[in-house]
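Report on the structure
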Amino acid sequence: MTDDQMKDEQQVAGGAEAQPFRAGFVAIVGRANVGKSTLLNQLLGIKLSPVSPRPHTTRHKLLGVLTEEAYQVAFLDTPGYLARSRDWLDSTMVHAAADALEEADLVVLVAEPRPAGDVERRFIEQLRRLGKPAILALNKVDLVRKPRLLPVIQEYSQAHDFREVVPVSALQEDGLDRLLEAVVKHLPEGEPLFPPDTVTDRSERFLVSETIREKVYQLYGQEVPYQVAVGIDEFREGGGEEGRRDYIRATIYVDKESQKGILVGAGGQALKEVGVQARKDIEEMLGRAVYLELWVKTHPRWRKQPHFIQRELEQG
Ligand SMILES: Nc1nc2c(ncn2[C@@H]2O[C@H](COP(=O)(O)OP(=O)(O)O)[C@@H](O)[C@H]2O)c(=O)[nH]1
Ligand SMILES: [Mg+2]
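Residues numbered from 1 in each chain as written. Chains lettered and ligands numbered in written order. Predicted model: local features only at pLDDT ≥ 70, side-chain atom pairs only at ≥ 80, totals over all residues. Heavy atoms only, no water.

Inspection of the secondary structure assignment puts Arg-213 in helix α7 (residues 204-219). Among the polar contacts listed, one links the side chain of Arg-213 to the side chain of Glu-210, at a separation of 2.9 Å. (Helix = DSSP H or I, 4+ residues; strand = E, 2+ residues; numbered from the N terminus. Polar contact = N/O pair within 3.5 Å; in protein donor to acceptor, adjacent residues only side chain to side chain.)

What follows is the structure, given as structure tokens:
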């Protein structure tokens, strides 16, 4: 080995030492429907968080962990920020977003590529007040042309000292490498927070109920309230026979009889479709075959009842 080669080797070793492990909590915040959950799912490479074109699909704070050789990012997906709290459920959602901000080492503010509105300005205020470093992800750039993007970037850069501003399209997986690189770069140095195989802190029961809720959101229009609740009544691994699939029985709760009718549909066809689509996603998520049985029940005014929601949360 020549002296030069030896020096190279030492530099490589030295370089590895100079790259400490980075780990931290990263809150994904922003207005409802800007694509926060889509972004999380794409970054993790699995479908963890429910997505739909309707706002407020994400109701709880959801942890999604990405572990690589040199870093661990513990993402916190949050419900979209709501201007005013209408009832108990809404205020729970606002708290979930505020909690995530407090816990975060770094914040990713997600916004659409258009001038900042009230909600964005309020988030920027909070970032300032909490002194949190933040990255701005301008999502859905597939919907605008480049010349319209530049003034938006400028406006945001003037409004706040973002560590970086990254245009992305979560849907088309555009710019996500750059975003992840920026996130890792601004994470604190430190030991992993979770065992390396951790994906989330939520139970399979919780993820299953969220998947069913997502399908209800995706398949029905405004005629079904978007704040239905889903409870898992039974979940038996290998209890679905036929090659020992899992057996899952779940109930979808709605406010009114009329909504129940719509959800079930003529001859049960509509509900069947929810079941077919949910099962597909659940099987993909669990990596196992399942038998899914769905029921619909009326539970008037459940939204105003903290105990009912609490029970639902505790299943998670
Ligand atoms: N065109 C486009 N649509 C997107 C993109 N990201 C998300 N969406 C859509 O925006 C809607 C809301 O997404 P979701 O992730 O639920 O938003 P969240 O409420 O912020 O979590 C869904 O219909 C997504 O498919 C994107 O990059 N481009
Ligand atoms: Mg969401």
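Right, let's get into the site of ligand 1. Around ligand 1 lies a shell of 18 residues, among which Asn-33, Gly-35, Lys-36, Thr-38 and Asp-142 are the nearest. Asn-33 has a polar backbone atom sitting 2.8 Å from an oxygen atom of ligand 1. A distance of 3.1 Å is found between an oxygen atom of ligand 1 and a side-chain nitrogen or oxygen belonging to Lys-140. Broken down by class, the residue content of the shell around ligand 1 amounts to seven nonpolar, eight polar and three charged. (Near = heavy atom within 4 Å. Nonpolar A, V, L, I, M, F, W, Y, C, P; charged D, E, K, R; others polar.)

Turning to the sheet that holds strand β2 (residues 62-67), a few remarks are in order. Strand-to-strand pairing in sheets goes through backbone hydrogen bonds, with the strands running parallel or antiparallel. On the basis of which strands lie adjacent, the open sheet formed by six strands has the order β2-β3-β1-β4-β5-β6 and mixed pairing. With partners counted over all chains shown, the strands left at the sheet margins are β2 and β6 (164-167), one partner each. Between one strand and the next, the sheet's axes are offset by a mean angle of 25 degrees, whatever the strand orientation. Two elements, strand β5 (residues 134-138) and β6, share four bridges in a ladder whose sense is parallel. Each bridged residue has a counterpart across the sheet, and for Ala-137 the counterpart in β6 is Val-166. Sheet contacts for helix α4 (residues 118-130): β1 (22-30), β4 (106-111) and β5; angle to β4, the most-contacted strand, approximately 170 degrees. (Pairing = 2+ DSSP bridges. Axes fitted to C-alpha atoms, helices over the stretch in contact; angles between N-to-C directions. Contact = heavy atoms within 4.5 Å.)

So, about the environment of Glu-223. Turning to its location among the elements, Glu-223 is positioned in the loop between α7 and β7 (229-236). What makes Glu-223 partly exposed here is its relative accessible area of 41%. (Buried < 20%, exposed > 50% of the residue type's maximum accessible area, 1.4 Å probe, protein only.)

Our focus in this paragraph is the sheet that holds β7. Taken in spatial order, the three strands line up as β7-β8-β9 in an open sheet, and their pairing is mixed. Strands at the two margins of the open sheet, each flanked by one partner only, are β7 and β9 (290-298). Taken over all neighbouring pairs, the strand axes of this sheet differ in orientation by 20 degrees on average, direction set aside. Alignment of strand β8 (residues 246-254) against β9, held across nine bridges, turns out to be parallel. In the sheet register, Ile-252 faces β9, and the bridge partner there is Val-296. Relative to β7, α7 is tilted by about 135 degrees, and along the sheet it contacts β7, β8 and β9. On top of the sheet, helix α8 (residues 257-264) reaches β8 and β9; it is set at about 155 degrees to β9, its chief contact.

Time to look at the packing of helix α2 (residues 36-44) against helix α6 (residues 176-185). At their nearest, the axes of α2 and α6 sit 11 Å apart, and the two run at 85 degrees to each other. Taken as axis vectors, α2 and α6 run roughly perpendicular relative to one another. Here Leu-39, Gln-42 and Leu-43 of α2 come into contact with α6, specifically with Leu-176, Leu-179 and Leu-180. Split by residue class, the contact of α2 with α6 holds five nonpolar, one polar and no charged. (Parallel < 35°, antiparallel > 145°, perpendicular 65-115°, else oblique.)

On to the confidence of the model for the protein, then. Detailed reading of the predicted coordinates is not advisable wherever pLDDT falls low. Averaged over the protein, the pLDDT score is 84; the fraction of residues at 70 or greater is 80%. Segment residues 6-11 is flagged for pLDDT under 50; beyond a separation of four residues in sequence, or across chains, it makes two contacts in the model. Low pLDDT, under 50, characterises residues 312-316; the predicted model gives this stretch 13 contacts beyond four residues in sequence or across chains. (pLDDT = per-residue confidence, 0-100.)

The end-to-end C-alpha separation of helix α5 (residues 146-159) is 20 Å, in line with the 20 Å expected for 14 residues at 1.5 Å each. Inspection of α5 places Leu-149, Val-152, Ile-153 and Tyr-156 among the buried residues, and these make up the whole buried set. Across the axial projection of α5, the buried residues extend over an arc of 105 degrees, all falling on one side. In α5, the exposed positions angled more than 90 degrees off the buried face are occupied by Pro-147, Leu-150, Gln-154 and Gln-158. The inward-facing, buried residues of α5 contact β4, α4, β5 and β6. (Expected span 1.5 Å × (residues − 1). Arc of directions from axis to C-beta.)

Moving on, we come to the nonpolar core. One finds Val-26, Leu-39, Val-73, Phe-75 and Leu-180 to be the most contacted residues of the largest nonpolar core, which totals 30 residues. When residues of this core are traced back to their parent elements, those giving at least two are β1, α2, β2, β3 (71-77), β4, β5, α6 and α7. Of all the elements, α6 adds the most residues to this core, at six residues. The residues touching Val-26, leaving out its near neighbours within four places in the chain, are Val-73, Ala-74, Phe-75, Leu-76, Leu-106, Val-108, Val-183 and Leu-187. Counting 29 residues, the second largest nonpolar core, distinct from the first, contains Val-107, Ala-116, Phe-123 and Leu-136. (Core = buried A, V, L, I, M, F, W, Y, C linked by side-chain atoms within 4.5 Å.)

Looking now at the packing of α8 against helix α9 (residues 269-286). It is at 5 Å that the axes of α8 and α9 come closest, and there the two elements cross at 65 degrees. Two secondary-structure elements touch here, α8 through Ile-262, Leu-263 and Val-264 and α9 through Gln-269, Ala-270 and Leu-271.

With a phi close to 80 degrees, Asn-33 is a non-glycine residue in the positive phi region. Structurally, Asn-33 is set in the loop between β1 and α2. Among the residues examined, Asn-33 registers a relative accessible area of 32% and is labelled partly exposed. Phi at Lys-140 takes a positive value of approximately 65 degrees, unusual for a residue other than glycine. Summarising the element assignment, Lys-140 is placed in the loop between β5 and α5.

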